[in-house]
Amino acid sequence: MTTTTDLVSYEDALASYDPVMGLEVHVELGTKTKMFCGCSTELGAEPNSQTCPTCLGLPGALPVVNATGVESAIKIGLALHCEIAEWCRFARKNYFYPDMPKNFQTSQYDEPIAFNGYLDVQLEDGETFRVEIERAHMEEDTGKSTHIGGATGRIHGAQHSLLDYNRAGIPLIEIVTKPIVGAGDRAPEVAKAYVRELRELIRALGVSEARMEMGQMRCDVNLSLMRKDADKFGTRSETKNVNSLRSVERAARFEIMRHAAVLSSGGTIIQETRHFHEDTGSTTSGRVKEEAEDYRYFPEPDLVPVAPSREWVEEIRAALPEMPLARRTRLLAEWGISATDMQAILNAGALDPIVATIDAGADAASARKWWMGELARSANESGKALDELAITPEQVARVTELVNSGDLNDKLARQVIEGVLAGEGTPDEVVDKRGLKVVSDDSALGTAVDEAIAGNPGIADKIRGGKVAAAGALVGAVMKATRGQADAARVKELILERLGVGEG
Amino acid sequence: MPGITREEVAHLARLARLELKPEELDHFAGQLDDIIGAVARVSEVADQDVPPTSHPLPLTNVMRPDEVRPSLTPEQALSGAPAQEQQRFKVPQILGED
Amino acid sequence: MTDNVNIIKLTAAETAEKIASGELTAVQVTEAHLARIEAVDEKVHAFLHVDREGALAQARAVDEKRAKGEKLGPLAGVPLALKDIFTTEGVPTTVGSKILEGWIPPYDATLTKRLKAADVVILGKTNMDEFAMGSSTENSAFGPTGNPWDLTKIPGGSGGGSSAALASFQAPLAIGTDTGGSIRQPASVTGTVGVKPTYGAVSRFGMVAFSSSLDQGGPCARTVLDAALLHEVIAGHDPLDSTSIDAPVPPVVEAARNGSVQGMRVGVVKQFRGEGYQAGVIQRFDESVELLKELGAEIVELDCPSFDLALSAYYLIAPSECSSNLARFDGLRYGLRTGDDGSHSAEEVTSLTREAGFGPEVKRRIMLGTYALSSGYYDAYYGSAQKVRTLITRDFEKAFEQVDVIVSPTTPTTAFAIGERADDPMAMYLADLCTIPTNLAGNAAMSLPCGLAPEDNLPVGLQIIAPALKDDRLYKVGAAVEAAFVEKWGHPLLEEAPSL
Ligand SMILES: [Mg+2]
Ligand SMILES: [Zn+2]
């Protein structure tokens, strides 16, 4: 393993070469049970408590396909504009690895359930880029190994390993792009935007939470460079299991620079797997295999073909939710905001909460204002995601309702939100407990107005003399006296009334 | 087509994870050669336009509902383990990718 | 009528009747068979494991059930010898291999569950060729089984333990599995009855896989009716096996009780004779065909040219699937582990374990399958073999347009001597010449005794083949043939076997 890698600058690399990428994303489905057995997929269970003869690969055990797994695969395929196979099979991918109980992975080979699609992705500046999809196929996850005795808990230097097969057999969908060409210097950005868009789509479909930090979605970045005057792809490297959006972008960028350095110094790229390191942002070579892998794929004889009826496929298609990009485009128009605003909303993870708040009765502008303002700030401070805050979209909608009806002003509303986040109850309960209602009742305000006039005779005279603008100072005094709870507009009316001035 | 060498046998043995002894390599090279020679007759049909049959049953779409069934207890799961530790299967060091 | 000799000579149907009527208790029957095992199995070596306590407990439960007036199954209390390829919770399951020596499964196969639910008494687990690979039971890691007709001869394989247990009256019923003939060929060489049901009729869940698309469990017995009764117990849809047929079990018992070939068209395939067939086998087969004519069947000559390629296709498909199915035996989760001394990696331990744990035939087939599936060879070997499979299926379809059943010798020769073909795999493979086409096409077949070969006085088997899902035809024809032979001989064939 090399620790230092020569690189050429990104700009120089792009001046001579065009990057070609292939992205392979594995998504763990959120089904209740595993792909081929009835074991639960619930997270956090104690080791080897969610295993059975089938997912442990005990002698004699057999697989049976999870119907929801197939349905999810079809949903994903349709959402990616793929054709859905009329007839397809599972295949065995044969290789030995201790985390794989049968020493073959039940996967799909030359007959994937979905193929030939595309996904339009949006770059930071709002431009869209079409990524062609080669295929999406069903397979199963492996168990989890813990390495004991190595200095860092890593596989190297470990004395032995411990295996927990709770995760073995969890359904995976592998989504493979066609070679992505023509992205030029935006290739790393396209890679990131693609994975992000795919994640949004998977979530919108409700087939997985696709949390990359939990390994529910992982990306392999295949990258090669092609000399600008060449007509054939170069040799690719495969950077495995990249686990965040940012890392996808960085891994692609690093490999572009590394490939360019190797190629421009007259070297050749070897086809190999590489590992991405978050800390350094670099990749290193994986173990070099003495012999080429030969997976000896053949149709899985313990399963029968999957032949989704056209009726079923159309039923699933008809029930698909609106796709994220279409939804964003529609909302952007409906709300009349800019692409940059929308990007900010997306980056903040505020889109779903805002839409839910609008669905709960708020107006769009207020919903955006609260989620992108007060709530985003609060989330930031507490290091939480917006949807982890202790306030529901319905509660935010109720706050906007109270503001619009004049019961709260913005300042009070912020206090209400603060109370809800602090666990003091619903917005109405916080209003009651903290006594935060705007006071617009004349008898309650009259005394404060009279006191303000009496306490500021000079200003009162100016107003009497026609300087209506000076009323602001008296309003301020009343607001201060009522700790901000007065209805400022009504206060101004009362002051002018008391001083015998009409408001033109 | 046949003519399986000792090296090919060694390669197959590595793929199949069999630590064959030297004398086995020779023995199998000869026997596999004989068997392959005899069964290679099937390639007579290679260019015939016949669909392959991978399975004798014409079934499709055998699926189960996504409903949880009881798993084994961890004790049962580990009951046959040659070695275990921390309720996990204990295996020698894995020469893997890292 | 309660002495042991008479009990063990009873058929399963008779035994069940006597237990139901109270003439015998299940415990008496079980004890009689355990005593027989004690007396003869040292010589025969049919069993790898005798579950004395388990069997007696099951028998007692049957007697209690009867005492309470609860409804008993049609085979309640009848002892059975289970091939050691089906998992049995709490009872060792080895598949005849060192690699699983000492393994105690934490679960029951579906077939095991069905037997228990039907109150059948499982005496123990029978010997077999390692992982069901073989035709002689010599490939068992735990030593060969002798043929009760001549202990120096093989009892067939892979299910030689089951066939020998029946022929030596250690059990009236047994279970076998048939991937290329492993039920029928042992039945043939031991003078017993064995049925390979239509593929998918009997659940494979918990049956240790050899070749998934060919393996099929089935009943073994001494009479056609007994086989039918057992067939009915073990067959039927299983949601845990994706390749299980979701349809009613054909009326096999009814067919066995109403044997007849009157007006039936019976096919004789010209590819099932010629070089390699023993004269006495052909002689008994030809007599069987004459008998069928006398019983009112019409004989039709058939040409199934692709059958000539069946053996070749089989020896590509079965090893290919087995190379993958047996990958899980890696010494990490269960069974044997070799070389774990701290100096070897997991991969090395796996390779050492498999080297030490598998016998030569298993290694040979794993290597062969690994070769046939590897890139560059797949199309020529595995791909072509699958085309042959299609052609064989078509030959059967064409044949069954003209006939109701096909008959042939079950195996080209009678039992050969232990050791005779041990180092000649190709000679060994020929034992399954007539049985393999049925596995490739997935249809049903039976072997039943049709006499002794004059030259060696060893049993010859008649194979009856029926279309898929028409398993009942086997029993209808088999029962008629069996009755005619018994009448002709004056007794069942096994009466002529040595008493051991
Ligand atoms: Mg994959
Ligand atoms: Zn499971």
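Numbering of residues begins from 1 in every chain and follows the order in which that chain's sequence is written. For naming, the first written chain is A and the first written ligand is 1, with later ones following in the order written. Reporting of local features is limited, given that this is a predicted model, to residues whose pLDDT is at least 70; pairs of side-chain atoms are given and counted only at 80 or more, and all residues count toward the totals for whole chains, interfaces and linings. Side-chain metrics rest on all non-hydrogen atoms present in the structure, leaving aside hydrogens and water.

A. Molecular detail of the sheet that holds strand β6 (residues 217-221) of chain C. Residues and elements named next belong to chain C. For two strands to count as paired, DSSP must find a minimum of two bridges between them. Strands are runs of DSSP state E lasting at least 2 residues, helices are runs of H or I lasting at least 4, and numbering of each runs from the N terminus. An order of β1-β3-β2-β4-β6-β5-β10-β11-β9-β7-β8 is seen for the 11 strands of this open sheet, with the pairing classed as mixed. Strands at the two margins of the open sheet, each flanked by one partner only, are β1 (47-50) and β8 (298-302). Each strand axis lies, on average, 30 degrees off the axis of its neighbour in the sheet, ignoring direction. Pairing of strand β5 (residues 193-196) with strand β10 (residues 444-452) involves 3 bridges; the strand directions are antiparallel. Within β10, the residue paired with Lys-196 across the bridge is Ala-445. We call two residues contacting when some pair of their heavy atoms lies within 4.5 Å. Lines fitted to C-alpha atoms define the axes here, with helix axes fitted over just the stretch in contact, and angles between the N-to-C directions of these axes take values from 0 to 180 degrees. Together, β1, β2 (79-83), β3 (121-126), β4 (173-177) and β6 form the strand contacts of helix α6 (residues 160-167), whose direction differs from that of β4 by roughly 160 degrees. In the packing of helix α8 (residues 224-234) onto the sheet, the strands contacted are β2, β4, β5, β6 and β10, and the crossing angle to β6 comes to about 150 degrees.

B. Looking closely at the interface of chain A and chain C. In this assembly, 31 residues from chain A lie in contact with 39 residues from chain C. Taken as a group, Pro-59, Leu-62 and Arg-296 of chain A account for 23% of the area that chain A buries against chain C, more than any other trio of residues on that side. The salt bridge definition used is simple: a Lys or Arg side-chain nitrogen within 4 Å of an Asp or Glu carboxyl oxygen. A salt bridge links Arg-204 of chain C to Asp-302 of chain A, with the shortest nitrogen-to-oxygen separation between them at 3.0 Å. Looking at the side of chain A that touches chain C, the elements that each hand over two or more residues are β4 (91-94) and β15 (298-299) of chain A. By residue class, the composition of the side of chain A that touches chain C is 20 nonpolar, 5 polar and 6 charged. Buried area is understood as the total, over both parts, of accessible area removed when two parts are fitted together, assessed with a 1.4 Å probe. Residues are sorted three ways: Asp, Glu, Lys and Arg are charged, Ala, Val, Leu, Ile, Met, Phe, Trp, Tyr, Cys and Pro are nonpolar, and all the rest, Gly among them, are polar.

C. Structural detail: the nonpolar core. Take the buried Ala, Val, Leu, Ile, Met, Phe, Trp, Tyr and Cys residues and link them wherever side-chain atoms come within 4.5 Å; each set so joined is a nonpolar core. Each residue is placed in one exposure class: buried if its accessible area under a 1.4 Å probe, protein chains only, is under 20% of its type's maximum, exposed if it is over 50%, and partly exposed if it falls in between. In this structure, Leu-115, Phe-131 and Tyr-475 of chain C are the most contacted members of the largest nonpolar core, which totals 164 residues. Grouped together as the second largest cluster of nonpolar side chains are 70 residues, Leu-78, Ala-85, Ile-175 and Ala-183 of chain A included.

D. Structural context of the pattern of salt bridges. Using the criterion set out here, one finds 62 salt bridges over all chains in the structure. A salt bridge links Glu-70 of chain C to Lys-68 of chain C; the shortest N-O distance between them is 3.7 Å. The closest approach of N and O atoms between Asp-340 of chain C and Arg-337 of chain C, which form a salt bridge, is 2.9 Å. When its relative accessible area of 16% is taken as the criterion, Arg-337 of chain C is described as buried. Beyond isolated ion pairs, a larger network of salt bridges with shared partners links Arg-92, Glu-300 and Asp-302 of chain A together with Arg-204 and Asp-241 of chain C.

E. Structural context of the layout of surface pockets. Residues and elements named next belong to chain A. For cavity detection a 1 Å grid was placed over the protein atoms alone, and a set of points counts as a cavity when a 1.4 Å probe fits there but cannot get out; an open set counts as a pocket when protein lies on both sides within 12 Å along at least five of seven lines, with lining residues being those that have an atom within 4 Å of a point. Grid points are joined across faces, edges and corners, and a volume is the space filled by probe spheres set on the points. The computed volume of the second largest pocket comes to approximately 970 Å³. In terms of lining residues, the second largest pocket is bounded by 32 residues, among which Arg-199, Glu-200, Arg-203, Leu-346 and Gly-349 are the most central. Listing elements by their share of the lining of the second largest pocket, those giving two or more residues are α3 (187-205), α6 (324-335), α7 (339-347) and α8 (351-359). Taken together, the residues of the lining of the second largest pocket sort by class into 12 nonpolar, 6 polar and 14 charged.

F. Seen up close, the coordination of the zinc ion (ligand 2). All names here are of chain A. Metal donors were taken as nitrogen, oxygen and sulfur atoms no farther than 2.8 Å from the ion, or 3.2 Å where the ion is Na, K or Ca. Water is excluded, so coordination may look unfinished. Coordination of the zinc ion (ligand 2) by the protein comes from Cys-37 (SG), Cys-39 (SG), Cys-52 (SG) and Cys-55 (SG), over a distance range of 2.3 to 2.4 Å. Sites are called tetrahedral only when four donors show all angles between 85 and 135 degrees, square planar or octahedral only when four or six donors show opposite pairs over 155 degrees and all other angles between 65 and 115, and irregular in any remaining case. Taken together, the 4 donor atoms coordinating the zinc ion (ligand 2) span angles of 100 to 116 degrees at the metal, a pattern that classifies the geometry as tetrahedral. Taken in sequence order, the residues that donate to the zinc ion (ligand 2) follow the motif C-x1-C-x12-C-x2-C. Here Cys-37, found in the loop between β1 (17-28) and β2 (65-66), pairs with Cys-52, found in the loop between β1 and β2; they are 15 residues apart in sequence, far enough to count as distant.

G. Molecular detail of helix α11 (residues 410-421) of chain A. All names here are of chain A. Across its 12 residues, α11 extends 16 Å between first and last C-alpha, which sits within 8% of the 16 Å expected from 1.5 Å per residue. Buried residues of α11: Leu-412, Ala-413, Val-416, Ile-417, Gly-419 and Val-420, and no others. Projected down its long axis, α11 carries its buried residues within an arc of 160 degrees, all on one side. At its buried positions, α11 is contacted by α9 (364-382), α10 (393-404) and α12 (427-434). Backbone geometry just downstream of α11 places Gly-423 in the positive-phi region, at approximately 85 degrees. A helix is expected to span 1.5 Å multiplied by its residue count minus one. Taken from the helix axis, the directions to the C-beta atoms give the arc we talk about.

H. Just the coordination of the magnesium ion (ligand 1), in detail. Residues and elements named next belong to chain A. The protein atoms that coordinate the magnesium ion (ligand 1) are Glu-139 (OE), Glu-139 (OE) and Glu-174 (OE), at distances of 1.9 to 2.6 Å. Of this pair, Glu-139 sits in strand β7 (residues 128-140) while Glu-174 sits in strand β10 (residues 171-177); the two residues are 35 residues apart in sequence, bridging distant segments of the chain. For the pair shown, Glu-139 and Glu-174 are each scored as buried.

I. Representation of the interface of chain B and chain C in the model. Each side of the interface is counted separately: chain B has 55 residues, and chain C has 64 residues. On the chain B side of the interface with chain C, the three residues burying the most area are Arg-17, Val-42 and Pro-92 of chain B, jointly 12% of the side's total. For the pair chain B and chain C, the interface holds 2 salt bridges. Put simply, Glu-355 of chain C and Lys-21 of chain B hold a salt bridge, and the shortest N to O gap is 3.0 Å. Two N or O atoms count as a polar contact when they lie within 3.5 Å, although within protein this holds only if one can serve as hydrogen donor and the other as acceptor, and sequence-adjacent residues are included solely when both atoms are side-chain atoms. Our enumeration of links across chain B and chain C arrives at 17 residue pairs in polar contact (both at pLDDT 80 or more). Elements supplying a minimum of two residues to the side of chain B that touches chain C: α1 (6-15), α2 (22-39) and β3 (88-92) of chain B. The element that contributes the greatest number of residues to the side of chain B that touches chain C is α2 of chain B, accounting for 9 residues. Looking at side-chain class alone, the side of chain B that touches chain C contains 35 nonpolar, 11 polar and 9 charged residues.

J. Summary view of the side chain of Asn-147 of chain C. Mapped onto the fold, Asn-147 of chain C is located in the loop between β3 and α6. Excluding residues that lie within four positions of it along the chain, Asn-147 of chain C makes contacts with Lys-153, Ile-154, Pro-155, Val-189, Thr-190 and Ala-415 of chain C.

K. Structural detail: the state of the cysteines. All names here are of chain C. Throughout, a disulfide means two cysteine sulfur atoms within 2.5 Å of one another. In total, this model carries 0 disulfides over all chains according to the counting rule given. For the unlinked cysteine Cys-434, the closest cysteine sulfur is that of Cys-450, found at 12 Å. With relative accessibility at 0%, the residue Cys-434 sits in the buried group.

L. Main features of the environment of Ala-46 of chain C. All names here are of chain C. One can find Ala-46 in the loop between α3 (26-44) and β1. The sequence separation of Ala-46 and Phe-169 amounts to 123 residues, and the corresponding C-alpha distance is 11 Å. Dropping the residues within four chain positions of it, Ala-46 is found in contact with Asp-41, Lys-125, Thr-126, Asn-127, Thr-145, Gly-161, Ala-164, Ala-165 and Gln-170.

M. Broad picture of the confidence of the model for chain C. On a range of 0 to 100, pLDDT expresses the predictor's confidence in each residue. Taken over all residues, the pLDDT of chain C has a mean of 97, while the share at 70 or more is 100%. Scored by ipTM, the complex comes to 0.97, with pTM at 0.91.

N. Structural detail: the sheet that holds β4 of chain A. Spatially, the 3 strands line up as an open sheet ordered β5-β4-β15 (chain A), and their pairing is antiparallel. Lying at the two open borders of the sheet, with one neighbouring strand each, are β5 (104-107) and β15 of chain A. Note: β4 of chain A against β15 of chain A, 2 bridges, orientation antiparallel. Looking across to β15 of chain A, one finds that Arg-92 of chain A is bridged to Phe-298 of chain A. In the packing of helix α11 (residues 310-325) of chain C onto the sheet, contacts are made with β4, β5 and β15 of chain A, and the angle to β4 of chain A comes to roughly 65 degrees.

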